[in-house]
Amino acid sequence: VVKLLLEAPEDSQIGAYYLPYGSRSEEARKREFFMLMATWSDIVRDRSFETRYKKYHHGNWHYSDWFWTQKDSRIEYLAPPEDGGVAVEKIAEFDLLIRGGANNAEKAVAIAWLEHLIGDIHQPLHTSARVTDTEPKGDQGGNLFLLTPKDTPRGGQKTLHSYWDSIIGYNSPNKKSECDAEYIDPLADSIIKDFPYQKMQGKIASGRYEEWAKDSLTVAQIDVFSSDLKRFEMPSDKYKKKALKIAEERLALAGYRMGDLFNRVFGSSTTTPN
């Protein structure tokens, strides 16, 4: 996978993020490069790199939203009044691309997108567009649901979406300004301990990408928008504790599913994902 990523088109700048030298071992540098590539499709949002932005940024690839509303404790699904996103479709498309006859440069870009999109659809609010009287066209995955008071200046506003996007950081902030390896690795080890591969293996559901996304949607409907969540208020301690455990399980499952996909395409199907 790393070898393919290093054959990415020059204008994607993917290869520029790999450090071929340094005090860390080659395996460590490869691993950190792989980790960073999970964020590449967000990096290319930067409009100051105009050529890269125009060619590689695709806003509606980051989510696959079902539009829904709640009436008398029942969930009702609605026809999307606007673009619902194509994350699930792109994952399936890139899965086929990396197995087929595409050139290595195309496969590199597909791998970077797969790393990101598999993570995205395990974040419940990347699959949900809740329709209410306040948000008749959907809440944009919780981006319109504010957790800060109404009069909070835009720069200080916190949304439900950003809370779930950054839930690990909210609960375990990097107070020591550690590098990614020092900060992330212990958190990952703790999540793996609580949700080991052997425990999660039965949930992999290889290739069933819509099912993955629908599982996230169910989490959004039941747990994200739980009865104790209130607009213009930060979540309660009870909500935070439960949300963190849910997010950790979703992160673990996303990682195992990603490992399973790459192992099936490029390696041994019996290899345990790391």
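Coordinates for the structure precede this section.
Conventions adopted
Residues numbered from 1 in each chain as written. Predicted model: local features only at pLDDT ≥ 70, side-chain atom pairs only at ≥ 80, totals over all residues. Heavy atoms only, no water. Helix = DSSP H or I, 4+ residues; strand = E, 2+ residues; numbered from the N terminus. Rg over C-alpha atoms; globule rule 2.2 N^0.38 Å. Buried < 20%, exposed > 50% of the residue type's maximum accessible area, 1.4 Å probe, protein only. Areas by Shrake-Rupley, 256 points an atom, 1.4 Å probe, with all protein chains shown as cover. Lys, Arg positive; Asp, Glu negative; His and termini not counted. Charge placed at Lys NZ, Arg CZ, Asp CG, Glu CD. 1 Å grid on protein atoms, 1.4 Å probe; cavity = no way out; pocket = protein on both sides within 12 Å on 5 of 7 lines; lining within 4 Å. Points joined across faces, edges and corners; volume = space filled by probe spheres on them. Nonpolar A, V, L, I, M, F, W, Y, C, P; charged D, E, K, R; others polar. Pairing = 2+ DSSP bridges. Axes fitted to C-alpha atoms, helices over the stretch in contact; angles between N-to-C directions. Salt bridge = Lys/Arg side-chain N within 4 Å of Asp/Glu carboxyl O.

(A) Spotlight on the overall build of the protein chain. Within the protein chain, the secondary structure is distributed over twelve helices and three strands. Relative to the 2.2 N^0.38 estimate, which gives 19 Å for 274 residues, the radius of gyration of the protein chain is 19 Å and therefore close to what a compact globule would have. The buried share of the protein chain, taken over its 274 residues, is 42%. As displayed, the protein chain offers around 14800 Å² of accessible surface, 51% of which is attributable to carbon and sulfur atoms. When the 37 basic and 41 acidic side-chain charges of the protein chain are each reduced to a single mean position, those positions are 3 Å apart.

(B) Seen up close, the layout of surface pockets. Estimated volume of the second largest pocket: approximately 230 Å³. If you trace the second largest pocket, you find it lined by His62, Tyr63, Asp65, Phe67, Glu82, Asp83, Leu125, His126, Gln140, Gly141, Asn143 and His161. In the lining of the second largest pocket, the residues fall into three nonpolar, six polar and three charged.

(C) Spotlight on the sheet that holds strand β1 (residues 66-71). Taken in spatial order, the three strands line up as β2-β1-β3 in an open sheet, and their pairing is mixed. Edge positions in the open sheet fall to β2 (74-77) and β3 (128-130), since each of these has one partner strand only. Direction aside, neighbouring strands of the sheet carry axes that sit 40° apart on average. For β1 and β2, the ladder comprises four bridges, and the chain directions are antiparallel. Within β2, the position partnered with Thr69 by the bridge is Glu76.

(D) Expanded view of the pattern of salt bridges. Within this structure, the stated rule accounts for 18 salt bridges. Residue Glu76 is joined to Arg74 by a salt bridge in which the shortest nitrogen-to-oxygen separation is 3.6 Å. On the accessibility criterion, Glu76 (24% relative accessible area) is partly exposed. We classify Arg74 as partly exposed; its relative accessible area is 46%. Between Glu135 and Arg231 there is a salt bridge, with the nearest N and O atoms lying 2.7 Å from each other. With Glu135 in the loop between β3 and α7 (160-165) and Arg231 in the loop between α11 (209-224) and α12 (237-266), the pair connects residues that are 96 residues apart, well separated along the chain. Given a relative accessible area of 3%, Glu135 falls into the buried group. Among the residues examined, Arg231 registers a relative accessible area of 23% and is labelled partly exposed. When salt bridges with common partners are traced through the structure, they connect Lys71, Arg74 and Glu76 into a single cluster.

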